[in-house]
Protein chains: 2
Amino acid sequence: MVKIPATIKDIAKYTGLSIATISKYLNGGNVLEKNRILIEEAIKALDFEVNEIARGLRTNKTMTIGVLIPVFEVFFNTIVSSLENVLLETGYSIVVCDYRDDEKLEKERLDFLYKKRVDALVVVPTYLKGSDIKKIIKRDIPIVAVDRPIDDFECDTILVNNFEVSYQAVEKLILMGHKKIGIICGPQNIYTAQERLNGYVQAHTDFNIPLNEEYIKFGEFHNMESGYKKMIELLEIQNPPSAVFVTNYEMTLGAIIAINEKDIKVPDELSVIGFDNLEMARIVKPSLSLVVQPMEEIGESVARLLLKRLKGDKSDFPLQKKLSAQVLIKNSIKRVD
Amino acid sequence: MVKIPATIKDIAKYTGLSIATISKYLNGGNVLEKNRILIEEAIKALDFEVNEIARGLRTNKTMTIGVLIPVFEVFFNTIVSSLENVLLETGYSIVVCDYRDDEKLEKERLDFLYKKRVDALVVVPTYLKGSDIKKIIKRDIPIVAVDRPIDDFECDTILVNNFEVSYQAVEKLILMGHKKIGIICGPQNIYTAQERLNGYVQAHTDFNIPLNEEYIKFGEFHNMESGYKKMIELLEIQNPPSAVFVTNYEMTLGAIIAINEKDIKVPDELSVIGFDNLEMARIVKPSLSLVVQPMEEIGESVARLLLKRLKGDKSDFPLQKKLSAQVLIKNSIKRVD
DNA sequence: TTGTACGCGTTATCAA
DNA sequence: TTGATAACGCGTACAA
């Protein structure tokens with residue numbers, strides 16, 4: 001605690017060897033057995049640890065990867081967690097920042113990570129455009145966009161098939177006879193929210209079911225109260241929907257509370273498909289049908305791609321990958337006619 | 001993007017001035033007006049930015065503060081957020097790590113932050129002991145324990161009056177005539193959970209109400225399913241409690257779902273006090289009584305203390321501060337006899 | 001295998 | 001005010 005950590009120089013003095021030899025030992029080079037023992041003894045005795053700042057200055061690498069996410073919510077947390085698990089073995093660490101869905105903060109955090117000299121960046125953008133990135137990022141480091149593409153910027157991108165899975169969910173409802181289908185969407189400026197709405201619209205189009213604007217509600221991601229409110233609104237329509245599709249975790253939570261409060265019986269009085277909420281789905285009775293995104297797979301894909309790029313392998317750049325979410329049908333859907 | 005960022009040396013060349021002068025300018029020193037203009041021109045032209053790694057090596061400061069929290073959940077997020085807001089103005093940034101309630105990870109993350117040469121540490125410990133810290137932290141940097149003390153380690157500590165507020169909550173129920181009071185606690189190895197249980201016990205003792213072990217359930221923080229399960233268990237007791245105190249956010253969420261599912265009327269059939277869940281409290285009908293912790297205040301206190309220590313002011317060390325949580329009474333409590 | 005010598009980009013000291 | 005120069009701690013040719 002009190003002593004300033006020893007440096008390579010100290011180890012050199014202690015062992016009588018040169019700085020270069022110690023450095024080589026530290027980096028896995030060959031050293032005479034007796035010297036190795038000596039060095040290891042010195043390291044213990046002097047409580048030595050490499051100064052990663054100095055090493056970073058020299059190697060121009062920090063061995064850290066910057067991760068920028070909108071908020072610390074379970075969807076992003078899970079992705080980051082699995083990303084990290086893969087990276088762990090490789091010597092890379094991650095530094096995660098959230099920007100609380102704030103446009104200004106999004107740029108500031110990106111700048112922060114960049115200034116910390118991360119070796120690569122993983123970004124879940126909201127407002128961020130290509131021009132912003134070009135303004136902030138001046139070194140040529142790998143950047144991967146996750147969950148949402150970056151407007152006007154060419155980079156590796158890993159997405160989920162939001163449109164398709166949303167289509168499938170709504171299609172399922174339609175095939176069960178539903179024609180009055182409500183949807184609680186996210187903000188229209190967010191890519192994933194747009195895609196999910198588009199899937200809903202396309203399914204209606206394909207099955208020749210007219211859209212009813214009353215049934216389309218816009219809530220906020222990361223805000224369960226909005227899910228609650230929008231569900232209440234849907235339930236209070238004179239001619240309410242017979243099924244509702246809620247397009248995100250937190251909003252699903254709020255929607256469930258609304259349904260309970262109104263004492264609506266699922267699926268008898270209302271069919272429901274939620275989103276990304278396995279824990280809740282287990283709890284809620286009857287078991288909740290869900291769209292489940294492959295969060296772990298996203299994290300792993302990002303990690304693998306990142307490692308490839310960090311090795312200098314630029315093949316397939318810019319890579320565009322779309323992973324598949326699944327519609328998980330449980331007991332919250334009833335056939336109607 | 002392509003060009004490697006310019007260095008002070010480049011600026012020196014461009015302007016014809018010396019490296020030392022540029023450096024002085026960068027650090028707010030006095031420079032002739034014409035030189036200042038010249039330097040600023042060069043900085044723009046060459047896209048210069050200081051290399052903070054090099055600066056850190058030289059100054060032995062990274063101007064970052066490491067923050068270690070159990071999980072990214074709303075309670076900790078809010079604290080971190082307000083901590084950050086205060087720090088923002090000062091030039092310090094934070095790097096946040098979670099350890100997912102994992103003992104091994106808790107040490108690893110601490111080590112990671114330490115190796116990143118943070119200038120100070122904010123820690124919400126779970127398993128961490130003084131001996132662990134002494135093993136990992138060798139430089140003498142300020143450490144602040146938040147929400148929970150660190151066993152066997154002398155350092156600044158900022159806590160919440162868990163015992164007292166829990167006592168008050170239970171006392172309130174008792175004063176409303178309740179004698180059969182259930183509690184859903186957190187894990188016994190966590191300080192805050194212990195304190196909350198102790199407050200419950202003490203209130204019973206003071207009012208001469210015998211404890212009923214059946215009414216004391218242990219769930220898990222950060223796991224709403226446990227709140228759900230424990231509430232179900234309480235409700236299924238032959239002689240169920242007339243009131244339940246749930247001692248954490250996520251568990252309160254699960255408990256509410258359980259209550260809804262069982263179609264229990266609050267407060268007629270059951271009085272409830274939840275925890276830390278303002279958003280939910282707004283949504284749920286009837287409005288939920290709550291223990292509310294002063295999250296913002298915690299963050300601000302930590303920040304101020306930290307800044308003081310970073311200035312070298314060691315007065316009052318080790319500081320022990322206890323902030324006050326409040327019992328917020330709403331419509332979820334009924335008088336019984 | 002080991003050591004010498006230099007450079008990474010910055011700050012800090014001390015003359016000028 | 002400015003500049004030459006020595007650190008900071010480490011990695012790496014290159015020579016020994």
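Per an unreviewed UniProt entry, chain A goes by Transcriptional regulator, LacI family and derives from Caldicellulosiruptor kronotskyensis.

Draft legend 1. The protein's contact with DNA strand D, seen in detail. Neighbouring DNA strand D are 24 residues, the closest being Ile-8, Arg-55 and Arg-58 of chain A together with Lys-24 and Asn-35 of chain B. Considering DNA strand D, the proportion of its atoms within 4 Å of the protein that are sugar or phosphate atoms stands at 62%. Within the side chain of Ser-23 of chain A, an N or O atom sits 3.1 Å from a phosphate oxygen of DNA strand D. Mapped by element, the contributors of at least two residues to the surface near DNA strand D are helix 2 (19-26) and helix 4 (52-59) of chain A together with helix 2 (19-26) and helix 4 (52-59) of chain B. The leading source of residues in the surface near DNA strand D is helix 4 of chain A, at four residues. Across the surface near DNA strand D, the residue classes tally to ten nonpolar, nine polar and five charged.

Draft legend 2. Quick look at the protein's contact with DNA strand C. By nearness alone, 28 residues border DNA strand C, and Lys-24 and Asn-35 of chain A together with Ile-8, Arg-55 and Arg-58 of chain B come closest of all. Close to the protein, within 4 Å, the atoms of DNA strand C belong to sugar or phosphate groups at a rate of 66%. The separation between a base nitrogen of DNA strand C and a polar side-chain atom of Arg-58 of chain A is 2.6 Å. The contact in question runs from a phosphate oxygen of DNA strand C to an N or O atom on the side chain of Ser-23 of chain B, over 2.9 Å. Breaking the surface near DNA strand C down by element, the ones donating at least two residues are helix 2 and helix 4 of chain A together with helix 1 (8-15), helix 2 and helix 4 of chain B. Per-element accounting of the surface near DNA strand C gives the leading share, five residues, to helix 4 of chain B.

Draft legend 3. The arrangement of the pattern of salt bridges in detail. Residues and elements named next belong to chain B. A complete count under the given rule lists 34 salt bridges over all chains for this structure. Linking Glu-233 and Lys-217 is a salt bridge whose minimum nitrogen-to-oxygen distance equals 3.2 Å. Taken as a pair, Glu-233 in helix 10 (residues 224-236) and Lys-217 in strand 7 (residues 216-218) lie far apart in primary sequence, 16 residues in all. The residue Lys-229 makes a salt bridge to Glu-225 at a minimum N-O spacing of 3.8 Å.

About the thresholds
Residues numbered from 1 in each chain as written. Chains lettered and ligands numbered in written order. Predicted model: local features only at pLDDT ≥ 70, side-chain atom pairs only at ≥ 80, totals over all residues. Heavy atoms only, no water. Near = heavy atom within 4 Å. Polar contact = N/O pair within 3.5 Å; in protein donor to acceptor, adjacent residues only side chain to side chain. Helix = DSSP H or I, 4+ residues; strand = E, 2+ residues; numbered from the N terminus. Nonpolar A, V, L, I, M, F, W, Y, C, P; charged D, E, K, R; others polar. Salt bridge = Lys/Arg side-chain N within 4 Å of Asp/Glu carboxyl O.

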